[in-house]
Structure formats: structure tokens, C-alpha cells
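Structural overview
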Amino acid sequence: MKAVVYRQVGAIDRPDALLDVELPTPVATGRDLLVEVAAVSVNPVDTKVRASAAPAPGEPKVLGWDAVGRVVATGSEATGFRPGDEVWYAGSIARPGANSQFHLVDERLVGRKPQSLTDAEAAALPLTTVTAWEMLFDRLDVRRGVPGAADAILIIGGAGGVGSIAIQLARALTDLTVVATASRPETAAWARDLGAHHVVDHSRPLADEVAGLGIGAPAFVFSTTQTHRHLGEIAKLIAPQGRFGLIDDPDSLDITGFKRKAVSVHWELMFTRSLFETPDMGEQGRLLTEVARLVDAGRLRTTVTEVLRPINADNLRRAHAIIESGRARGKIVLEGF
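Residues numbered from 1 in each chain as written. Predicted model: local features only at pLDDT ≥ 70, side-chain atom pairs only at ≥ 80, totals over all residues. Heavy atoms only, no water.

1. Let's talk about the nonpolar core
- Core analysis: the largest hydrophobic core is formed by 90 residues, its most contacted members being Ile 153 and Phe 222.
- Non-local contacts of Ile 153, meaning those with residues more than four positions away in its chain, are made with Leu 136, Leu 140, Val 142, Leu 176, Thr 177, Val 178, Val 179, Phe 220 and Phe 222.
- Among the nonpolar cores identified, the runner-up in size contains 17 residues, and Val 179, Leu 206, Val 221 and Leu 237 belong to it. (Core = buried A, V, L, I, M, F, W, Y, C linked by side-chain atoms within 4.5 Å. Buried < 20%, exposed > 50% of the residue type's maximum accessible area, 1.4 Å probe, protein only. Contact = heavy atoms within 4.5 Å.)

This is how it looks when you write it as C-alpha cells:
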């Protein structure tokens, strides 16, 4: 089967940063599904792994943790899907990725693809949607209010992949006032179009930006990027007893500024359930099937902004470079081999 791999860590501008290869087609066993991949998307985790995680000696490493495709075979213990089913999922970082013609995934991580979206439109959503859903409803528990706080959430990086779906989930499934951050006219417009009630500029002091809205101190803050730059401002603006969540990877994180307000801090990694095969691992498949229902009902929309064809090393190098520039809006998708 065709696949895109890397053999050593390095910068994306190297000609061998990503390579087109042929690999054996895997075989489904246990609870695995063998999926014929139709479309994938690129996330910051792809670029971070490629730049820092060396493959095992002599073994190429396949990236890619968003996929849409068709089930072609099932393991003997898989019961939830049959060949021919159209599925979407984000997979496990502990296993080979989905930048390949055929891919193995545990059925517990898999949902049924929205019927109203094309493969490319659907591929933009799984990883970011699982991340945003788990942060909003499992970590921050946004349906449980904070006494005295504004019933509001500040989403830092509202135009990125996770921010773009977090805005929509908060609007569709809660009564929160949604405040997103953006620093360019096109990203601010994107966040508003997705449903943000307010957009503030994260290139300016965020506490002043939020105070200027006149809504009060928000109960929740969800930081998707550049947390180290904004931490002091977040401590100023969040309500006492508020809840703060982050998903990025600051080199250090001094949270003592939150002590006076008794702010709780929550880290989200959507791979945790699959890495540790937690008893609730199947929640990811269930939430993706629920999100597909919401998409088909017109309550959520795709966040794709660019589609590249086909899935190959050249196009993946281009997508990685855009992600690493820090100026991506929405999601970049690749479709077809």
C-alpha cells in the first residue's frame, strides 16, 4: 500500500522530511478495523512528532491522526462495524498513523461519518472535535457554573483547528457567552462566522480586552495556543473559583498566580484514553457518532479551509509548513491516493 513516512527527525524544508513509500497492508485482528483511507487532515501534533520523535532504527514512521474512510475488514472481536461502513476517527498516537492507503484502528475510537459531509469535509473534524469536547464537558465541566462568575468562556486561539470547533460546540450545546481571540481581520471574521459572540485581540493585554466587553469575569478559559504568553493575563481576567484548561506544550507553567482565586487547572490530551486503554475509551467513538448527528442536523459545520489532492509527501510537507507558520485558519485536509 502507498504511505507517507519519515525516517529521521528534522525541519520540514528538508527534501526527505516526508517520503512516499510502499508498505505491507496490515491485517485486522482483535477489536481492530481495517479502514481504506479516503481523506486525512493535518494537526499540530503531526508536526511536533515529526520534529522530535525519532522512529525506531530502520523503521519508517507514519503520521496522521485524523481519518475518514470505509471499513474493509474487521478483527474477530470487533462487533460495532461491518465492511462497507463509512467511518471517521482520530486514532491512537501509540500506533502507526493514517497517512496510508489502509489503516488499523480500534473500533472503540471510531464513529459513523456524517452523511451530509464529503470525505474531505469530514476529515477536518475528528481530532479537534474530540479535544474540544473532552475539554469543555469532561475537564472544564462547563455545564456546571461558577458562583458569581459570568456564564462565559474565553477561547484563546479561536480561529485554529480546536478553537474553530470549540466555538461551535459551546454555542450548540451550552448557553455560555463565547468570547474568542484572534489577531487578524480574517481570523476574527472566521471566529464570528463560527458563532463567537465576541472576538478580542490576543496581541493586546487580554484582561483589558475582556474587561472592555462589560460581561464580567468569565467562569472558564480554554487556551489552545501560546499559553505561556497569556498566563498572567488569564490569572487576572478569570473569575474566582474559575476553571482553566490548556492543550499546548509550554516549556514551563507557573500556575501560582491562580492560587489566590482558587482556579483549577485542567490539561487535555485526546490520546490519553487510547494510550492507557482506559475503561471509558469507547466514549470517543460515541461522541464522534453524536457529533455526526449534530452535523447532519445542521448544528455543527466542517472547519476545513483548504483541500490538497492527492495524499502524498509533497502535499503533506506543504501542509506541515503551513501549520508550523502559526498562521493556519481552520483545518487543512488531504484527499485521495
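2. Some points on the pattern of salt bridges
- All told, the structure shown has 25 salt bridges when counted by the stated rule.
- As a salt-bridge pair, Arg 273 and Asp 138 come within 3.4 Å of each other at their nearest N and O atoms. Here Asp 138 lies in helix H3 (residues 126-139) and Arg 273 lies in helix H8 (residues 272-276), a separation of 135 residues in the sequence.
- Arg 273 gets classed as buried once you look at its relative accessible area, which sits at 9%.
- On the accessibility criterion, Asp 138 (36% relative accessible area) is partly exposed.
- The partner of Arg 184 in a salt bridge is Glu 186, with the nearest N and O atoms 2.9 Å apart.
- We classify Arg 184 as buried; its relative accessible area is 17%.
- One continuous salt-bridge network, built from bridges that share partners, spans Glu 134, Asp 138, Arg 139, Glu 268, Arg 273 and Asp 280. (Salt bridge = Lys/Arg side-chain N within 4 Å of Asp/Glu carboxyl O. Helix = DSSP H or I, 4+ residues; strand = E, 2+ residues; numbered from the N terminus.)

3. Focus: the packing of aromatic side chains
- Enumeration according to the criterion identifies 3 aromatic pairs in this entry.
- With a centroid separation of 5.1 Å and an interplanar angle of 70°, the aromatic rings of Trp 133 and Phe 137 are classed as edge-to-face. Remark: Phe 137 and Trp 133 occur in helix H3; sequence separation between them is 4 residues, near one turn of the helix. Both residues of the pair, Trp 133 and Phe 137, belong to the buried class.
- Here the aromatic rings of Phe 244 and Phe 258 are separated by 5.3 Å at their centres, their planes lie at 35°, and the arrangement is tilted. (Phe/Tyr/Trp six-rings, centres within 6.5 Å; stacked < 30°, edge-to-face > 60°.)

4. Some points on the UniProt feature "domain: Enoyl reductase (ER)" (unreviewed entry) in the protein chain
- In the UniProt entry, the feature "domain: Enoyl reductase (ER)" (unreviewed entry) is given for residues 10-334.
- Between the end C-alpha atoms of residues 10-334 there is a gap of 22 Å, over a span that is 31% helix and 23% strand. (UniProt positions renumbered as here; feature names shortened; annotations may be inferred.)

5. What about the environment of His 197?
- Position of His 197 relative to the elements: it lies in the loop between helix H5 (185-194) and strand S11 (198-200).
- Each C-alpha atom of the pair His 197 and Phe 137 lies 20 Å from the other, and the pair is 60 residues apart in sequence.
- In contact with His 197, not counting residues within four places along its chain, are Arg 171, Leu 176, Thr 177 and Val 178.

6. Digging into the sheet that holds strand S12 (residues 218-223)
- As summarised here, the arrangement of the 6 strands in space is S11-S10-S9-S12-S13-S14, forming an open sheet in which the pairing is parallel. Strands at the two margins of the open sheet, each flanked by one partner only, are S11 and strand S14 (264-267). Recorded for the sheet is a direction-independent mean angle of 20° between the axes of neighbouring strands.
- Sheet analysis places S12 next to strand S13 (residues 243-246), joined by 4 bridges and oriented parallel. Counted as the bridge partner of Val 221 is Phe 244 from S13.
- Helix H4 (residues 161-173) contacts strand S9 (150-156), strand S10 (177-181) and S12 of the sheet and is inclined by roughly 170° relative to S10. (Pairing = 2+ DSSP bridges. Axes fitted to C-alpha atoms, helices over the stretch in contact; angles between N-to-C directions.)

7. Concerning the domain arrangement of the protein chain
- Domain annotation of the protein chain identifies domain 1 (2-127 + 276-335) and domain 2 (145-268).
- One C-alpha centre belongs to domain 1, the other to domain 2, and the line joining them spans 28 Å.
- At the interface, 14 residues of domain 1 touch 16 residues of domain 2.
- Carbon and sulfur atoms supply 57% of the area buried between domain 1 and domain 2, which totals about 1300 Å² over both sides. (Domains from an automatic or database assignment. Buried area = accessible area lost by both parts, 1.4 Å probe.)

8. A word on a nonpolar patch on the surface
- Together, Leu 269, Leu 275 and Phe 276 make up a nonpolar patch on the protein surface, roughly 320 Å² of accessible area in all.
- Following the sequence through the fold, Leu 269 ends up in the loop between S14 and H8. (Patch = residues over 30% accessible without salt bridge, like charges linked within 9 Å, V, L, I, M, F, W, Y side chains within 5 Å. Areas by Shrake-Rupley, 256 points an atom, 1.4 Å probe, with all protein chains shown as cover.)

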